[in-house]
Amino acid sequence: MIILPLSGIVLLGASYSIIPTYYHKLFNPKVIRKISGKKQIVLTFDDGPDPRYTGKLLDLLCKEQIHATFFVVAKKAQQYPQLVERMINEGHEVGLHSYEHANALFKGYQYTKSDFENSMHIIKQHGWKIRFFRPPWGHCNLFTSYFAKQHKLTMVTWNVMAQDWKKSSTDTQIALKLMNRIKDGSVICLHDAGKVEQAPEQTLKALTKVLPYLKRKGYCFRGLDFI
């Protein structure tokens, strides 16, 4: 039996997941993490759809006449296809956020392969056209990029977050972070679902203040489909 020293185990783990994660997050030129253009920004949402919050968010976006990109969890999309249909019908872009929101850092080849296959099967069943993929937490392994390419998906990360998933985050804190962090070219990552009960409600409250503010500042909300 071969026993690897601790340093070997650490190196193996780093090569499998940590290095790919940071490469795609920070350096890979084929990954979208910001856009070009003065006063151009992209608004994105992860982890949904959720029947408690996604509809309210769509109502707000409709009121403000803003288009966004929703990175949906395929298993949830299968449960609530009417919400995904509404996103598409109202002019929003829909992207993939994995099958069940598992962390790629701890998943192997076969799981990663099945995750994409199961997701794309659901997407094709409903006739949805999806071009973009965001890995949960932005975490990747050696096979993530390979299977994204196999399914003709462009990987997207972000360059603005407001920690809106945290239990301790208030709508005021989220709003202030967004107002202070957003600038030309921002790809903003927020959430319309999550493990923390009521967290998306705080995001919704924050956006009622932030979206009109950004419009007054002259920002234009673009879709990833126009990049």
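Please read these numbers as outputs of a predicted model, since none were measured by experiment.

Cut-offs applied
- Residues numbered from 1 in each chain as written.
- Predicted model: local features only at pLDDT ≥ 70, side-chain atom pairs only at ≥ 80, totals over all residues.
- Heavy atoms only, no water.
- Salt bridge = Lys/Arg side-chain N within 4 Å of Asp/Glu carboxyl O.
- Helix = DSSP H or I, 4+ residues; strand = E, 2+ residues; numbered from the N terminus.
- Buried < 20%, exposed > 50% of the residue type's maximum accessible area, 1.4 Å probe, protein only.
- Axes fitted to C-alpha atoms, helices over the stretch in contact; angles between N-to-C directions.
- Left-handed = near helix turned anticlockwise from the far one by under 90°.
- Contact = heavy atoms within 4.5 Å.
- Nonpolar A, V, L, I, M, F, W, Y, C, P; charged D, E, K, R; others polar.

On to the pattern of salt bridges. With the rule as written, the count across this model stands at 10 salt bridges. Linking Asp-46 and Arg-134 is a salt bridge whose minimum nitrogen-to-oxygen distance equals 2.8 Å. One end of the pair, Asp-46, is in strand E1 (residues 40-46); the other, Arg-134, is in the loop between strand E4 (132-133) and helix H6 (144-150), with 88 residues separating them in the sequence. Here Arg-134 falls in the buried class, since its relative accessible area comes to 0%. Among the salt bridges present, the one from Glu-197 reaches Arg-52, with a minimum N-O distance of 2.7 Å.

Helix H8 (residues 199-216) packs onto helix H7 (residues 171-181) with a crossing angle of 40° between their chain directions and a minimal axis gap of 8 Å. For the crossing formed where H7 meets H8, the hand is right-handed. Here Asp-171, Thr-172, Ile-174, Ala-175, Leu-178 and Met-179 of H7 come into contact with H8, specifically with Gln-202, Thr-203, Lys-205, Ala-206, Leu-207, Lys-209, Val-210 and Tyr-213. A breakdown of the residues in the contact of H7 with H8 according to their chemical character gives 8 nonpolar, 3 polar and 3 charged.

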